[in-house]
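# Residue-level structural notes
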Amino acid sequence: GEEDSPSSKKKNSAILFIKPHANTKEVQNLVKTHLASFHINVKQCKTITSYDMDRKKLIDQHYYAIANRATLKKPKDMNVPKDKFEDFFGESWDKVVTEKRAS
């Protein structure tokens, strides 16, 4: 039905990197085509030079964000969307933290 159509689904955004050795027009087209097969639209393409990546510390920031969530922060200190947690697990995040099951 209409509720299952791609346009009725929640919209998200993401940044996708194609590594320099693979960044050709053919690979760019392949990526766009593959994403389109999942009703994912590419809104913008941009080239970032290695100089800018280094100067703006883009890789450091990207991997820090992942490492911070994965290893540096304790689960109880993370910003967990409480409503989504409860919808998925059937219990409240606050209860899990209070019972020290998220340490």
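What comes next is a walk through the structure. (Residues numbered from 1 in each chain as written. Predicted model: local features only at pLDDT ≥ 70, side-chain atom pairs only at ≥ 80, totals over all residues. Heavy atoms only, no water.)

### Topic: the environment of Ala14
- Along the polypeptide, Ala14 turns up in the segment before helix H1 (25-36).
- The exposure class of Ala14 is exposed, given its relative accessible area of 76%.
- In sequence terms Ala14 and Val42 are 28 residues apart; their C-alpha atoms lie 9.5 Å from each other. (Helix = DSSP H or I, 4+ residues; strand = E, 2+ residues; numbered from the N terminus. Buried < 20%, exposed > 50% of the residue type's maximum accessible area, 1.4 Å probe, protein only.)

### Remarks on the nonpolar core
- Membership of the largest hydrophobic core is limited to five residues, which are Val80, Phe85, Trp93, Val96 and Ala102.
- Excluding residues that lie within four positions of it along the chain, Phe85 makes contacts with Val80, Gly90, Glu91, Ser92, Trp93 and Val96. (Core = buried A, V, L, I, M, F, W, Y, C linked by side-chain atoms within 4.5 Å. Contact = heavy atoms within 4.5 Å.)

### Remarks on a nonpolar patch on the surface
- On the surface, Ile15, Phe17 and Ile48 cluster together into a nonpolar patch covering about 330 Å² of accessible area.
- By the secondary structure assignment, Phe17 is in the segment before H1. (Patch = residues over 30% accessible without salt bridge, like charges linked within 9 Å, V, L, I, M, F, W, Y side chains within 5 Å. Areas by Shrake-Rupley, 256 points an atom, 1.4 Å probe, with all protein chains shown as cover. Salt bridge = Lys/Arg side-chain N within 4 Å of Asp/Glu carboxyl O.)

### What to know about unusual backbone geometry
- In the Ramachandran plot, Lys57 falls in the positive-phi region, its phi being about 55° despite a non-glycine side chain.
- Tracing the sequence through the fold places Lys57 in the loop between helix H2 (50-55) and helix H3 (58-72).
- Despite not being glycine, Lys100 has its phi angle at roughly 60°, a positive value.
- Structurally, Lys100 is set in the segment after helix H5 (93-98).
- For Lys100, a relative accessible area of 69% translates into the label exposed.

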